[in-house]
Amino acid sequence: LQNLGVSANIQNNNQNDVRANLLNNYYEMARDTVLEMHEWSFASAFRTLSTAINDSQDPNFQFAFTYPNDCIAPRAIINPDDKKEKKFGLSINDNGEKLILTNFNPCVLRYTKRIENETLFTATFANCLAFYLAYVSAQAVTGSANKKNTNFQDFQILLRKAVVSDATDSRY
């Protein structure tokens, strides 16, 4: 709310306040969107995909794997034999389930994981999320398109800095 110029404080997620309810409604979508925008080191995860659920319908790929429930964004498929990143694709099957398509079985998926435990957020991610949440909720909370635009600009600046900072931190 401070990013929107609103002086009220939210003490907890269950606070019975119109603005708190609005922010709660936008929070998960905003968190997942910001996680998807960058390969945050604190949210990087690996999962071995070892059981292909069926042959791929895509002629460019041999195998289809179930998309992990906690996957915000797949970043790479790694062949466990040569440890190199390989081409992959995404698809939806006839049941509407997301699939990861590859030419390797087994393989390792590197992905951005949905992180719900806020104590794992880096300060930079938390700041990005705050500005993005202010951006998506600005019109509803303040009625101001100017506040919305300002928060989006601030978010974009902070995200660019975060990408550089996170890349530097993940080298060590």
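Sequence order as written defines residue numbering, which begins from 1 separately in each chain. Where totals are concerned, whole chains, interfaces and linings use all residues; where local detail is concerned, this predicted model gives features only for residues with pLDDT of at least 70, and gives and counts side-chain atom pairs only at 80 or more. Heavy atoms from the whole structure form the basis of all side-chain values; hydrogens and water molecules are not counted.

1. A short note on the pairing of strand 7 (residues 98-102)
Two faces belong to every sheet, and in a regular strand the side chains alternate between them.
Item 1. The buried fraction of strand 7 is high, at four of five residues.
Item 2. Note that strand 3 (residues 63-66) and strand 7 share four bridges and pair antiparallel. Across the sheet, the residue bridging to F63 is T102, located in strand 7.
Item 3. At least two bridges found by DSSP between two strands is the condition for calling them paired. The helix and strand labels rest on DSSP assignments: H or I over at least four residues marks a helix, E over at least two residues marks a strand, and numbering proceeds from the N terminus. Relative to strand 7, strand 6 (residues 89-92) is paired through four bridges, and the arrangement is antiparallel. In the strand pairing of strand 7, I92 is matched with K98. Three labels apply to residues, based on accessible area from a 1.4 Å probe with only protein chains included: buried if under 20% of the type maximum, exposed if over 50%, partly exposed otherwise in between.

2. Some details on the environment of A73
Item 1. With respect to the helices and strands, the residue A73 is situated in strand 4 (residues 71-78).
Item 2. C-alpha separation for the pair A73 and E36, spaced 37 residues apart in sequence, amounts to 5.7 Å.
Item 3. When checking whether two residues touch, look at their non-hydrogen atoms; a contact exists if any pair is within 4.5 Å. Leaving out residues up to four positions away in the same chain, A73 has contacts with E36, Y67, Y111 and T112.

3. What about the side chain of R110?
Item 1. Note on placement: R110 falls in strand 8 (residues 107-113).
Item 2. A relative accessible area of 15% means that R110 is categorised as buried.

Limitation: the analysis is restricted to geometry and does not speak to function.
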